[in-house]
Amino acid sequence: MNTVVCDTGPIIHLKEAGLLKLLQETGKICIPQMIETELSEIDPLWKKQRPEWILVVPLSPNEIKQAESLVLSGLLDFGEAEAIILAKKLNPKWFLTDDTEARVLANSLGMEVHGSLGVVLWSAAVGHLSYVESKKALDKLSKTSLWISKDILLQAQEALKAMFEKMLNRNDS
């Protein structure tokens, strides 16, 4: 099973859209303590309701100092910084974030980075969602606290359409 490190954004946005189960399909989901703390602050019931497939992985004191250095650089908050340090430690298949600065830094460290939209598109690509379910999922996601520009949403919808047209063409041949 693939390891995936996630920061707060994708968990919040997929949960708001009723799509958190899609995250489980991506692999073993690991979060650092600070993400657990942020999620608990946003949703007081989080600790009682956290799915058992989301694992809180502790960082060493040295790793926490590394995260603090990232925060002091002014680029990231503590949750994102701890998530990136955890990703460096675990070398996951994916790092999931909806934050631009965290995405840029993770990419610069050689990590494969995706966000909430990417989870929906991947779920469609591997057959966890039908075309209709995928379109509904994108619509639900666009109505959450995740900021998505009209252009990005349109690109995601076009990618979805192209993906399913390609699958239909393969099945017809």
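In what follows, the accompanying structure is described. The model shown is predicted, which means the values in this text are computed figures rather than measured ones.

The rules we used
- Positions within a chain are numbered from 1, following the residues in the order the chain's sequence is written.
- Residues qualify for local features only when their pLDDT is at least 70, as the model is predicted, and side-chain atom pairs are given and counted only at 80 or more; totals for whole chains, interfaces and linings, by contrast, use all residues.
- Where side-chain values are given, they derive from all heavy atoms of the structure, hydrogens and water being excluded.
- The aromatic pairing rule takes the rings of Phe, Tyr and Trp, using the six-membered ring of Trp, and pairs them if the centres are within 6.5 Å, calling planes under 30 degrees apart stacked, those over 60 edge-to-face and the rest tilted.
- Secondary structure elements are taken from DSSP: a helix is a run of H or I of four residues or more, a strand is a run of E of two residues or more, and numbering for both begins at the N terminus.
- Only protein chains enter the accessibility calculation, which uses a 1.4 Å probe; a residue is then buried when its area is under 20% of its type maximum, exposed when over 50%, and partly exposed in between.
- At least two DSSP bridges between two strands are needed for those strands to be called paired.
- Each axis is a line fitted through C-alpha atoms, taken for helices only over the stretch in contact, and angles between the N-to-C directions span 0 to 180 degrees.
- Reported orientations rely on four angle classes, namely roughly parallel under 35 degrees, roughly antiparallel over 145, roughly perpendicular from 65 to 115, and oblique for the rest.
- Any pair of residues with heavy atoms lying within 4.5 Å of one another is described as a contacting pair.
- When residue character is reported, Ala, Val, Leu, Ile, Met, Phe, Trp, Tyr, Cys and Pro are called nonpolar, Asp, Glu, Lys and Arg charged, and the others, Gly included, polar.
- In this description, a nonpolar core means a group of buried Ala, Val, Leu, Ile, Met, Phe, Trp, Tyr and Cys residues linked to one another through side-chain atoms lying within 4.5 Å.

1. A word on the packing of aromatic side chains
And step 1. All chains considered together, the criterion is met by two aromatic pairs.
And step 2. Between the aromatic rings of Trp94 and Trp122, the centroid separation amounts to 5.5 Å while the plane-to-plane angle is 90°, which identifies the pairing as edge-to-face. Here the residue Trp94 occupies a position in strand β4 (residues 94–96), and Trp122 occupies one in helix α8 (residues 116–125), the gap between them amounting to 28 residues.
And step 3. A relative accessible area of 5% means that Trp94 is categorised as buried.

2. Examining the pairing of strand β2 (residues 28–31)
And step 1. Judged from the three bridges that link them, strand β1 (residues 3–6) and β2 form a sheet pairing that is parallel. Residue pairing for β2: Val4 is matched across the bridge by Ile29.

3. Quick notes on the packing of α8 against helix α9 (residues 131–142)
In a packed pair of helices, the relevant descriptors are the angle between the two axes and the axis-to-axis distance.
And step 1. In the contact formed by α8 and α9, the axes pass within 10 Å of each other and the chain directions differ by 170°. Judged on the interaxial angle alone, α9 and α8 are roughly antiparallel. Only Ser134, Ala137, Leu138 and Leu141 of α9 make contact with α8, whose side of the interface consists of Ser116, Leu117, Val120 and Ala124.
And step 2. Its residues assigned to classes, the contact of α8 with α9 comprises six nonpolar, two polar and no charged.

4. Some points on the nonpolar core
And step 1. Residues Ile11, Leu14, Leu23, Ile84, Phe95 and Val120 are the most contacted members of the largest nonpolar core, which totals 54 residues.
And step 2. Broken down by element, the residue count for this core peaks at six residues, all from helix α6 (residues 78–90).
And step 3. When residues no more than four places from it in sequence are discounted, the contact partners of Leu14 are Leu19, Leu20, Leu23, Ser116, Val119, Val120 and Leu141.

5. Observations regarding the pairing of β1
And step 1. Burial of β1 is two-sided: the residues Thr3 and Val5 facing one way and the residues Val4 and Cys6 facing the other way are all buried.
And step 2. Here three bridges tie β1 to β4, and the two strands are oriented parallel to one another. Counterpart to Val5 in the pairing with β4 is Phe95.

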